[in-house]
Amino acid sequence: MRIEYDIKLGFKDVMIRPKRSTLKSRSEVTLDREFKFLHSPTTWSGIPIMAANMDTVGTFEMAKALSNKKLFTAIHKHYSVADWNLFASNLSEEESKYIAVSTGITEQDSDKLSEILKFNPNLKFICIDVANGYSELFTDFVRQTRRLYPNRVIIAGNVVTGEMVEELLLSGADIVKVGIGPGSVCTTRIKTGVGYPQLSAIIECADAAHGLGGQIISDGGCSIPGDIAKAFGAGADFVMLGGMLAGHDESGGEKIVKNGKNYKQFYGMSSYTAMEKHVGGVADYRASEGKTVEVPYRGEVETTLQDILGGLRSTCTYVGAKRLKELTKRTTFIRVAEQENKTYSE
Ligand code: 5GP
């Protein structure tokens, strides 16, 4: 047994220090970024915020709405090949730039991915997603996927430490997804005691990835727009959102009416609900590692996006970053023992 004593930080432990700025208005700020990738010859530009590949978030409807604003969606892996064919045949070349096909690491997953991509060659992004990215089997799958699709952009995760980010990039990933345990409907830390505070995970993993010419996605733990700004400030190239995009018309999940108020169901992909729905229940050797919750219904996602993007532009204005790309360079975090004033919160 060993203990690392330097403290690891989450979003709640810091704030961003304001800096002198010559920007006159947040309208001068651009959130667009352009990326070239470590392996894939593709160039991508857009606003680097992503909907999570959960069936209550990363739906076809969400992808349509987000791609309209140049935001990205990792589509959940439970659509059939037929669903994909129908959806992708109605996609413009522009829209398909903002979509990833998600896959697990079984042989069936690999076969399904190959069918989806064969019929829809304009889909350029693959998201290989497992809860625990530390297994050798996972790295092998990343390597095999790179061999099969030399030109696609491969996202792989989740991990939280620099050495594993390097391993995945060297095995063929272009972008590594970072986050174990911070998610709003995640119970991994409760069930297993395993995790890593997200802000420190981003700082350490971004450093490792950027050293090799790769990128990272901060995945999970953002519950307010300020958290997204902190994730970018810490060095995330992309930020992935689950709960913040749940509860909308475009999100999956059932609508529920309770005491005259509208809600939508939202659940973790390893929750009892998800496992019942997709694999016929929780296998007897494992525990569910996700919650099922009801979130207030919030209408169209466009209103929420405006709130998020407005907040991020404002952060950039506070620190004098004319472009989102400059935000990390202009970020000084201060350690704090308080966050927002809750006097009037419900
Ligand atoms: P959020 O933005 O809601 O805080 O976090 C979303 C992320 O939580 C997802 O992208 C995924 O990485 C993670 N997640 C989703 N479902 C589950 C689950 O059932 N268990 C765990 N451990 N993590 C989950």
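Residues numbered from 1 in each chain as written. Predicted model: local features only at pLDDT ≥ 70, side-chain atom pairs only at ≥ 80, totals over all residues. Heavy atoms only, no water.

The name recorded for the chain in an unreviewed UniProt entry is GMP reductase, from Seonamhaeicola sediminis. Per UniProt, the chain carries the Sequence similarities (unreviewed entry) text "Belongs to the IMPDH/GMPR family. GuaC type 1 subfamily." UniProt, in its Catalytic activity (unreviewed entry) section for the chain, records the words "IMP + NH4(+) + NADP(+) = GMP + NADPH + 2 H(+)". (UniProt positions renumbered as here; feature names shortened; annotations may be inferred.)

A. Structural context of the environment of Gly226. Here Gly226 shows up in helix α9 (residues 225-234). The sequence separation of Gly226 and Leu312 amounts to 86 residues, and the corresponding C-alpha distance is 7.4 Å. (Helix = DSSP H or I, 4+ residues; strand = E, 2+ residues; numbered from the N terminus.)

B. How the structure looks around the pairing of strand β8 (residues 153-159). The buried fraction of β8 is high, at seven of seven residues. Pairing geometry for strand β7 (residues 125-129) and β8, over five bridges, is parallel. Note that in β8 the partner of Ile128 across the bridge is Ala156. Between the parallel elements β7 and β8, the chain passes through helix α5 (residues 136-148) in a crossover that is right-handed. Where β8 and strand β9 (residues 175-178) come together, four bridges link them in parallel fashion. Bridge pairing in β9 links Gly157 to Lys177. (Buried < 20%, exposed > 50% of the residue type's maximum accessible area, 1.4 Å probe, protein only. Pairing = 2+ DSSP bridges. Right-handed = clockwise from strand over helix to strand, strands pointing away.)

C. Here's a closer look at the pairing of strand β11 (residues 238-241). Residues Phe238 and Met240 line one face of β11 and the alternating positions Val239 and Leu241 line the opposite face, and both faces are buried. In the sheet, strand β4 (residues 49-51) pairs with β11 via three bridges, with the strands oriented parallel. If you follow Met50 over to β11, its bridge partner there is Met240. Summarising the sheet, strand β10 (residues 215-219) and β11 pair through three bridges and their orientation is parallel. Within the sheet, the bridge partner assigned to Asp219 lies in β11 and is Met240.

D. Representation of the nonpolar core in the model. Counting 99 residues, the largest nonpolar core has Ile49, Trp84, Ile228, Leu241 and Leu245 as the members making the most contacts within it. Discounting residues that sit within four places of it in the chain, Leu241 has contacts with Ile49, Met50, Ala51, Ala52, Val57, Cys222, Ile228 and Ile308. (Core = buried A, V, L, I, M, F, W, Y, C linked by side-chain atoms within 4.5 Å. Contact = heavy atoms within 4.5 Å.)

E. Inspection of the packing of helix α1 (residues 60-67) against helix α2 (residues 81-89) at higher detail. At a minimum axis distance of 11 Å, the contact between α1 and α2 shows a crossing angle of 25°. Comparing the axis directions of α1 and α2 gives the class roughly parallel. As α1 packs across α2, the resulting crossing turns out to be right-handed. Counted together, Phe60, Ala63 and Lys64 of α1 and Asp83, Trp84 and Phe87 of α2 form the full contact between these two elements. Considering only residue class, the contact of α1 with α2 consists of four nonpolar, no polar and two charged. (Axes fitted to C-alpha atoms, helices over the stretch in contact; angles between N-to-C directions. Parallel < 35°, antiparallel > 145°, perpendicular 65-115°, else oblique. Left-handed = near helix turned anticlockwise from the far one by under 90°. Nonpolar A, V, L, I, M, F, W, Y, C, P; charged D, E, K, R; others polar.)

F. Representation of the pattern of salt bridges in the model. Evaluated as defined, the whole model comprises 17 salt bridges. For the salt bridge of Lys70 with Asp32, the shortest nitrogen-to-oxygen distance reads 2.6 Å. One end of the pair, Lys70, is in the loop between α1 and β5 (72-75); the other, Asp32, is in the loop between β1 (14-16) and β2 (33-36), with 38 residues separating them in the sequence. Here Lys97 makes a salt bridge to Glu94, at a shortest N to O gap of 3.9 Å. Judged by relative accessible area, which is 25%, Lys97 ranks as partly exposed. A residue is classified by how much of its surface remains accessible, and Glu94, at 42% relative accessible area, is partly exposed. (Salt bridge = Lys/Arg side-chain N within 4 Å of Asp/Glu carboxyl O.)

G. Molecular detail of the packing of helix α8 (residues 198-212) against α9. Viewed as axis vectors pointing N to C, α8 and α9 meet at an angle of 30°, and their least axial separation amounts to 8 Å. By the angle between their axes, α8 is roughly parallel relative to α9. Crossing angle aside, the handedness with which α8 passes α9 is right-handed. Taken together, the residues of α9 that come into contact with α8 (itself represented by Leu199, Ile202 and Ile203) are Lys230, Ala231 and Ala234. Of the residues assigned to the contact of α8 with α9, the class counts are five nonpolar, no polar and one charged.

H. Examining the environment of Asp111 more closely. Take Asp111: it is sitting in helix α4 (residues 107-119). Taking the relative accessible area as the measure of exposure, Asp111 reaches 45% and is therefore partly exposed.

I. Main features of the sheet that holds strand β14 (residues 292-296). Spatial strand order, β12-β13-β14: three strands in an open sheet with antiparallel pairing. Because the sheet does not close on itself, it has two edges, and the strands there are β12 (255-258) and β14. For this sheet, the mean angle separating the axes of adjacent strands, direction not counted, is 40°. Here β12 runs beside strand β13 (residues 261-267); their pairing, made up of four bridges, is antiparallel. Within β13, the position partnered with Lys258 by the bridge is Lys261.

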